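# Results of the structural survey
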Amino acid sequence: MVDLSDPTSAALVAVEAAERISAEYALYGGLLLAAYGEPRETRDVDLAVAALGADPMRNSLVELGYSVAPNFEGIIFGGLVVDRITLLGSADDTGLNTIDLVRPRSPRLAREALERAPEGPLRGRQVRVLSPEDFVLYKILSTRDRDLSDAVSVLQKLGGNLDLDWIEGETDLLATELPDLGVRERFERLMDQ
């Protein structure tokens, strides 16, 4: 029995569904923030993806025995595009949760971030996770102040272990790829905090 209201359990379900269809993914969001920065309460599951869409993910979840409902697809949040699926559970599971499939509007970054993604443990299982530098970039691309605060907490916790020159170079590249977003300004706000 799986308690889907537990974000770690729901993340393992999402990972199983993605791996079942050989989709490239990396864990992202609040669960990963607990490893890289200051933990905060999170309830949903965020997977960084490049080519995985909501339909294949929903189908994989259904084939694993879960009930799902689509919420939205292709919604732009700053420099990110999000597909959301509600995971309603199965006859044997309790609770519900949401899975967000998150990809940068930069196809280059989406692909390269997954290529760089290391593995990390999650309840005894190895899962792909965004690198700390890519985590910061995704947070810079997001639209909420909370996301910038998350990035600040990663900078504070990992400090000299982060490649800040590389992050700045990527920020400059993203500023040319996404000129409507103000990526450089968000990076400067991050560095000022």
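These numbers come from a predicted model, not from an experiment. (Residues numbered from 1 in each chain as written. Predicted model: local features only at pLDDT ≥ 70, side-chain atom pairs only at ≥ 80, totals over all residues. Heavy atoms only, no water.)

### What about the nonpolar core?
Inside soluble globular proteins, nonpolar side chains tend to come together where they are buried. By size, the foremost hydrophobic cluster in this structure holds 63 residues, and its most contacted members are L47, M57, L61, Y138 and L190. Take this core: its biggest share by element is eight residues, from helix α1 (residues 7–20). When near neighbours in sequence (up to four residues on either side) are disregarded, L47 contacts A14, V15, Y25, A26, L27, M57, D100, L101 and V102. (Core = buried A, V, L, I, M, F, W, Y, C linked by side-chain atoms within 4.5 Å. Buried < 20%, exposed > 50% of the residue type's maximum accessible area, 1.4 Å probe, protein only. Helix = DSSP H or I, 4+ residues; strand = E, 2+ residues; numbered from the N terminus. Contact = heavy atoms within 4.5 Å.)

### A closer look at the pattern of salt bridges
Between side chains of opposite charge, pairing is possible as soon as their charged atoms come close. A complete count under the given rule lists 22 salt bridges for this structure. Close ionic contact of R116 with E112 constitutes a salt bridge, the shortest N to O distance being 3.8 Å. With R116 and E112 both in helix α4 (residues 107–116) and four residues apart, this pair spans about one turn of that helix. For R116, a relative accessible area of 32% corresponds to the partly exposed category. A salt bridge links D145 to R189, with the shortest nitrogen-to-oxygen separation between them at 3.2 Å. You can see D145 sitting in helix α6 (residues 145–158) and its partner R189 sitting in helix α8 (residues 183–192), a full 44 residues away along the chain. Accessibility expressed as a relative area gives 51% for D145, which makes it exposed. Of the residues examined, R189 reaches a relative accessible area of 38% and is grouped as partly exposed. (Salt bridge = Lys/Arg side-chain N within 4 Å of Asp/Glu carboxyl O.)

### Brief notes about the sheet that holds strand β2 (residues 45–48)
Taken in spatial order, the five strands line up as β1-β2-β5-β4-β3 in an open sheet, and their pairing is mixed. Because the sheet does not close on itself, it has two edges, and the strands there are β1 (26–28) and β3 (67–77). Neighbour to neighbour, the strand axes of the sheet diverge by 25° on average, direction disregarded. With eight bridges connecting them, β3 and strand β4 (residues 80–89) associate as antiparallel partners. (Pairing = 2+ DSSP bridges. Axes fitted to C-alpha atoms, helices over the stretch in contact; angles between N-to-C directions.)

### Re the layout of surface pockets
As a volume, the largest pocket reaches approximately 340 Å³. Lining the largest pocket are 21 residues, and of these D44, D46, D100, R144 and D147 sit closest to its centre. Going through the elements one at a time, β4, β5 (97–104) and α6 are the ones with two or more residues in the lining of the largest pocket. Its residues placed into classes, the lining of the largest pocket shows five nonpolar, five polar and eleven charged. By volume, the second largest pocket amounts to about 150 Å³. What lines the second largest pocket is simply T8, L27, L31, L32, A35, Y36, G120, P121, L122, V127 and V129. (1 Å grid on protein atoms, 1.4 Å probe; cavity = no way out; pocket = protein on both sides within 12 Å on 5 of 7 lines; lining within 4 Å. Points joined across faces, edges and corners; volume = space filled by probe spheres on them. Nonpolar A, V, L, I, M, F, W, Y, C, P; charged D, E, K, R; others polar.)

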